[in-house]
Amino acid sequence: EFVEKNRWWSIRVMYLTMFLSSVGFSIVMTSIWPYLQKIDASADATFLGWVIASFSLGQMIASPLFGLWSNHRPRREPLVVSITILVAASLFYAYIHMPASHNKYYMLLARTLVGFGSGNVAVVRSYVAGATSLSERNGAMANISAFQAIGFIMGPAFQACFTIIGENGVTIDAINLQLNMYTAPALMGAVLGIVNIALIFAIFREHRVDDLERCILSVNSESAESPTPLTMDMYAWTRSQAVFYNGIILASVGIESVIVFIAVKVISKKTGDRILLIGGLAIIWFAFFILLPWGNQLPKIQWTDLQNSTVHNSTNWVFSNMALSNNSVEPTGCPATQTWCLYTPVIHLAQYITSDILIGMGYPVCNVMSYTLYSKIIGPKPQGVYMGWLTAAGSAARTLGPVFVSQIYTHLGTRWTFGIICAIVFFAFLHLISVYRRLVPFCVRHGRL
């Protein structure tokens, strides 16, 4: 009975680890673009794509390494090392405003290190997969994803609260720290990481459950994309407004995702894992299809980059007076340097929110079912490396995706961006249909319990 209780307490620590790692990642996501603009005027939306991708690049590199490490050594080791890197990277992020130049590259490095520290996702999932029976697996994997979603909820919500501090905030001269709406979330992420390390040392122990649902010692046991540029361009939001409103939107979608995670545990018992996976992918496709621009209304144009310009579009001549060179007035709207802004219809706020709601429904389903099916297909063997490769595959997509999307968005606009994403999701849907019969658990495929 003691072993069983300790097994579930260790699993719950992994839930909390996923939650805290998720908070550490998401707590700065809505403010990255405004912060980047503030610390380095040379940064543009294209570079933002690299900054966002750098997190996933770091995670892609780290996930297989930490997964391999966890297969041969106590999992506490890669967990503590990865979280320590995460804490250090968060502190580094809070100081990237200090150098006199090239600040955007320091942000790039900081986000890469945060991603590297987040490579423990593979370790967490492999531990939970090995420490649960097949009958417990769906619920445990759903709980992991639910805690991850709760982290994504709390992160933007905390960031929205930190807007009260303002862009200037206060300066702590003793440690040369500017405490403002951009650095406070990173510092909070560092504190949460330290708490996470303490809990791993205090509570976490190694456990593994075999095919017959018996709890046994583990073989490696111890001796014991950012929506911000889009909303700022489409709705003429200021930096503070974008951070605050997107924080509220993402937190709301996160709450929806938690509800979906809970529902998935019940629905999957009736429909099966594969049907849910296909349904979730279909919902995601529809969500991006809704984001395609329609109608004739154009977004508000930001003219500050042009001097004495007159612009002609398909319907009328647009004359604009240049904004006064007053730094106290923050320019808003879709930059005129992005020429597609002059002829591409605006994506209405209703479209954006509807798409967010659908993604909040489809993504959790795909997330839980893909990891659950994957762990069941692998079967009763150490899954650290396998989970590492699956996490790395997702990280590779999140590395290439922001760079690709930022390039397409900057040069071609929203119609091409979301049109291409719809095509990619559609081909993924077709591929899933083509391999549907092969997605069966190891025990079913080999006739084992």
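Note that residues are indexed from 1 along each chain, following the sequence as it is written. Restriction of local features to residues with pLDDT of at least 70 applies here, the model being predicted, together with a cutoff of 80 or more for giving and counting side-chain atom pairs; totals for whole chains, interfaces and linings are based on all residues. Hydrogen atoms and water are omitted, and side-chain values are computed over all heavy atoms in the structure.

1. Side note on the overall build of the protein chain
Okay, so step 1: When its secondary structure is counted, the protein chain shows 15 helices and eight strands.
Okay, so step 2: Looking at the protein chain as a whole, 54% of its 449 residues are labelled buried.
Okay, so step 3: All accessible-area figures derive from a Shrake-Rupley calculation using a 1.4 Å probe, and residue coverage is judged against the displayed protein chains alone. Surface summary for the protein chain: the accessible area is close to 20,400 Å², and the carbon and sulfur share equals 67%. Numbering of helices and strands runs from the N terminus, with a helix taken as a DSSP run of H or I at least four residues long and a strand as a DSSP run of E at least two residues long. Here's how the labels work: a residue is buried when its accessible area is under 20% of the maximum for its type, exposed when over 50%, partly exposed in between, all with a 1.4 Å probe on protein chains only.

2. Some details on the packing of helix α11 (residues 273-290) against helix α14 (residues 414-434)
The angle between the axes and the distance between the axes are what describe a pair of packed helices.
Okay, so step 1: Look at α11 against α14: their axes get within 9 Å of each other, and the N-to-C directions meet at 165 degrees. As far as their axial angle goes, α14 and α11 are roughly antiparallel. Note on packing geometry: the crossing formed by α11 with α14 is left-handed. Together, L277, I278, L281, A282, I284, W285, F288 and F289 of α11 and F418, I421, C422, V425, F426, A428, F429, L432 and I433 of α14 make up the contact between the two elements. What counts as an axis is a line fitted to C-alpha atoms, over the stretch in contact for a helix, and the angles between N-to-C directions run from 0 to 180 degrees. We call two directions roughly parallel when the angle between them is under 35 degrees, roughly antiparallel when it is over 145, roughly perpendicular when it lies between 65 and 115, and oblique otherwise. Two helices crossing with the near one rotated counterclockwise from the far one by less than a right angle form a left-handed crossing, whereas a clockwise rotation gives a right-handed crossing. Only heavy atoms enter the contact rule, under which two residues are in contact if any of them lie within 4.5 Å.

3. Observations regarding the pattern of salt bridges
Okay, so step 1: Every case where a carboxyl oxygen of Asp or Glu lies within 4 Å of a side-chain nitrogen of Lys or Arg is listed as a salt bridge. Counted by the stated rule, this structure contains three salt bridges.
Okay, so step 2: With a shortest N-O distance of 2.6 Å, E77 and R73 are connected by a salt bridge.
Okay, so step 3: For R239, the salt bridge identified is with E167, shortest N-O distance 3.0 Å.
Okay, so step 4: Since its relative accessible area comes to 17%, R239 is described here as buried.

4. What about the nonpolar core?
Okay, so step 1: Residues belong to a common nonpolar core when they are buried Ala, Val, Leu, Ile, Met, Phe, Trp, Tyr or Cys residues joined through side-chain atoms within 4.5 Å. Among the nonpolar cores identified, the biggest contains 81 residues, and I32, L36, Y93, M107, M234 and F418 are the most heavily contacted of them.
Okay, so step 2: In terms of residue count, the dominant contributor to this core is helix α10 (residues 239-271) (nine residues).
Okay, so step 3: By size, the runner-up hydrophobic cluster in this structure holds 28 residues, among which are M14, V123, A131 and Y371.

5. Things to note about the state of the cysteines
Okay, so step 1: Our working definition of a disulfide is a cysteine sulfur pair at a distance within 2.5 Å. Under the criterion given, the structure shown has one disulfide.
Okay, so step 2: Two residues share a disulfide in this structure: C334 and C341, whose sulfurs sit 1.9 Å from each other. Measuring the twist about the S-S bond at about -45 degrees, one finds the C334-C341 disulfide to be left-handed. C341 carries the same exposure label as C334, and that label is buried.

6. Regarding the side chain of K376
Okay, so step 1: Looking at the secondary structure, you find K376 in helix α12 (residues 349-378).
Okay, so step 2: Only 3.1 Å separates the side chain of K376 from the side chain of D273, close enough to count as a polar contact. In the analysis that follows, any N or O atom pair within 3.5 Å is treated as a polar contact, provided that within protein one partner can donate a hydrogen and the other can accept it, and provided that, for residues neighboring in sequence, both atoms belong to side chains.

7. Describing the side chain of H97
Okay, so step 1: Following the sequence through the fold, H97 ends up in the loop between α4 (76-94) and α5 (103-117).
Okay, so step 2: Residue classification places H97 among the buried positions, given a relative accessible area of 17%.
Okay, so step 3: At a separation of 3.3 Å, a polar atom in the side chain of H97 contacts the main-chain carbonyl oxygen of A94.
Okay, so step 4: Setting aside residues no more than four positions away along its own chain, H97 makes contact with Y35, I39, N103, N176, Q178 and T183.

8. Description of α10
Okay, so step 1: Helix span, expected: 1.5 Å multiplied by one less than the number of residues in the helix. With 33 residues, α10 ought to run about 48 Å at 1.5 Å a step, and its terminal C-alpha atoms sit 44 Å apart, in line with that.
Okay, so step 2: Residue K265 marks the point of greatest curvature in α10, where the axis turns by about 35 degrees.
Okay, so step 3: Residue G272 follows α10 closely and has a positive phi angle near 95 degrees. Bend angle per residue: angle between axes fitted to the 7 residues ending at that residue and the 7 residues starting there.

9. A look at unusual backbone geometry
Backbone phi values are negative for most residues with the exception of glycine, while trans is the configuration of most peptide bonds.
Okay, so step 1: A positive phi angle, close to 50 degrees, is found at N176, a residue other than glycine.
Okay, so step 2: Along the chain, the position of N176 falls in the loop between β1 (170-172) and β2 (177-179).
Okay, so step 3: For N176, a relative accessible area of 47% corresponds to the partly exposed category.

10. Brief notes about the packing of α11 against α12
Okay, so step 1: Between α11 and α12, the least distance of the axes is 7 Å, while the angle of their chain directions is 155 degrees. Compared by their axis directions, α11 and α12 come out roughly antiparallel. Here α11 runs over α12; the crossing is left-handed.
Okay, so step 2: Ten residues, namely Ala, Val, Leu, Ile, Met, Phe, Trp, Tyr, Cys and Pro, are considered nonpolar, four, namely Asp, Glu, Lys and Arg, are considered charged, and the remaining ones, Gly among them, are considered polar. The residue inventory of the contact of α11 with α12, partitioned by class, reads 17 nonpolar, seven polar and three charged.

11. Regarding the packing of aromatic side chains
Okay, so step 1: Think of it this way: a Phe, Tyr or Trp ring, Trp meaning its six-membered ring, pairs with another when their centres are within 6.5 Å, and the plane angle makes it stacked under 30 degrees, edge-to-face over 60, tilted otherwise. Under the definition given, this model contains 17 aromatic pairs.
Okay, so step 2: Aromatic pair F47 and Y105: ring centres 5.5 Å apart, planes at 85 degrees, arrangement edge-to-face. With F47 in helix α3 (residues 45-72) and Y105 in helix α5, this residue pair connects regions lying 58 residues apart in the sequence.
Okay, so step 3: The class for F47 is buried, based on a relative accessible area of 10%.
Okay, so step 4: By relative accessible area, Y105 is classed as partly exposed at 44%.
Okay, so step 5: When the ring of Y235 is compared with that of Y352, the centres are 6.3 Å apart and the planes differ by 50 degrees; the resulting orientation is tilted.

12. Some thoughts on a nonpolar patch on the surface
Okay, so step 1: A cluster of nonpolar side chains, contributed by L57, I61 and L65, occupies part of the molecular surface with about 250 Å² of accessible area.
Okay, so step 2: Within the fold, I61 resides in helix α3. Each patch is built from salt-bridge-free residues with over 30% relative accessible area, joining like charges within 9 Å and nonpolar side chains (Val, Leu, Ile, Met, Phe, Trp, Tyr) within 5 Å.

13. Quick word on the environment of A129
Okay, so step 1: Take A129: it is sitting in helix α6 (residues 121-130).
Okay, so step 2: On the basis of relative accessibility, which here comes to 2%, the residue A129 falls in the buried class.

14. Quick word on the confidence of the model for the protein chain
Okay, so step 1: Values of pLDDT, the confidence the predictor places in each residue, fall between 0 and 100. Of the residues in the protein chain, 88% reach a pLDDT of 70 or more, and the chain-wide mean stands at 81.
Okay, so step 2: For the protein chain, strand β7 (residues 317-319) is the element with the lowest average pLDDT, namely 38, and α14 is the one with the highest, namely 93.
Okay, so step 3: Every residue in residues 211-224 scores below 50 in pLDDT, and together they form 34 contacts with partners more than four places removed in sequence or on other chains.
Okay, so step 4: Note on residues 307-327: pLDDT is under 50 here. Beyond four places in sequence and across chains, it has 21 contacts.

15. Re the environment of F66
Okay, so step 1: Position of F66 among the secondary structure elements: in helix α3.
Okay, so step 2: On the accessibility criterion, F66 (4% relative accessible area) is buried.
Okay, so step 3: Along the chain, F66 and G117 lie 51 residues apart, while their C-alpha atoms are 9.7 Å from each other.

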